[in-house]
Amino acid sequence: MKSLFAALFVLTIFSFGAFAQPSAATAPAPESKAPEKAKKPAVFRPTKNQILEVQNLLKAKKLYAGEASGKYNDETRAGIKSFQKDNGLKETGTLNRAT
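Residues numbered from 1 in each chain as written. Predicted model: local features only at pLDDT ≥ 70, side-chain atom pairs only at ≥ 80, totals over all residues. Heavy atoms only, no water.

Novice: What is the right way to read the layout of surface pockets from this model?
Specialist: Over the atoms, a rolling probe the size of a water molecule traces out where space has been left empty. Computed from the structure, the largest pocket encloses a volume of approximately 160 Å³. Elements with a contribution of two residues or more to the lining of the largest pocket: α2 (48-60) and α3 (74-86). Across the lining of the largest pocket, the residue classes tally to six nonpolar, two polar and one charged. (1 Å grid on protein atoms, 1.4 Å probe; cavity = no way out; pocket = protein on both sides within 12 Å on 5 of 7 lines; lining within 4 Å. Points joined across faces, edges and corners; volume = space filled by probe spheres on them. Helix = DSSP H or I, 4+ residues; strand = E, 2+ residues; numbered from the N terminus. Nonpolar A, V, L, I, M, F, W, Y, C, P; charged D, E, K, R; others polar.)

Novice: Quick question: what am I supposed to make of the nonpolar core here?
Specialist: Across soluble globular proteins, nonpolar side chains show a tendency to be buried alongside one another. V54, L58, Y64, I80, F83 and L95 together form the largest nonpolar core, which totals six residues. Of all the secondary-structure elements, those providing two or more residues to this core are α2 and α3. The residues touching F83, leaving out its near neighbours within four places in the chain, are L58, K61, L63, L89 and T99. (Core = buried A, V, L, I, M, F, W, Y, C linked by side-chain atoms within 4.5 Å. Buried < 20%, exposed > 50% of the residue type's maximum accessible area, 1.4 Å probe, protein only. Contact = heavy atoms within 4.5 Å.)

Novice: What should I look at first to understand α2 in this one?
Specialist: Think of an α-helix as 3.6 residues a turn; residues three or four steps apart then line up on the same face. End to end, α2 covers 18 Å across 13 residues, agreeing with the expected 18 Å (1.5 Å per residue, within 8%). Among the residues making up α2, those that are buried are I51, V54, Q55 and L58. On an axial view of α2, the arc spanned by its buried residues comes to 100 degrees, and they lie on one face. Exposed and facing more than 90 degrees away from the buried side of α2 are N49, E53 and A60. Structurally, α2 contributes buried residues whose contacts are with α3. Taken from the residues just after α2, K62 is the one with a positive phi, measuring 60 degrees. (Expected span 1.5 Å × (residues − 1). Arc of directions from axis to C-beta.)

Rendered as structure tokens:
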């Protein structure tokens with residue numbers, strides 16, 4: 001009789017352990033984080049010397065007729081747009097890394 005109670009006691013202890021284990025269906029879902037926004041790359045801001053260099057290059061290619069001043073103006077933007085079009089780049093009229 002003692003051995004029957006001992007066996008029943010051991011069986012009860014093991015059954016509690018088995019029922020305490022979470023199953024795949026009852027497992028809590030992992031916490032979902034809010035989707036992170038993709039970080040935008042840093043904006044390229046050309047220096048005065050870079051604008052001067054571009055204006056001189058555009059003059060050499062006959063895409064800019066103004067004075068190389070190092071400042072953006074409508075003629076510079078038009079020359080950059082023409083250069084971008086000729087080279088299969090997106091025509092923005094702004095000096096960017098691809099240009």
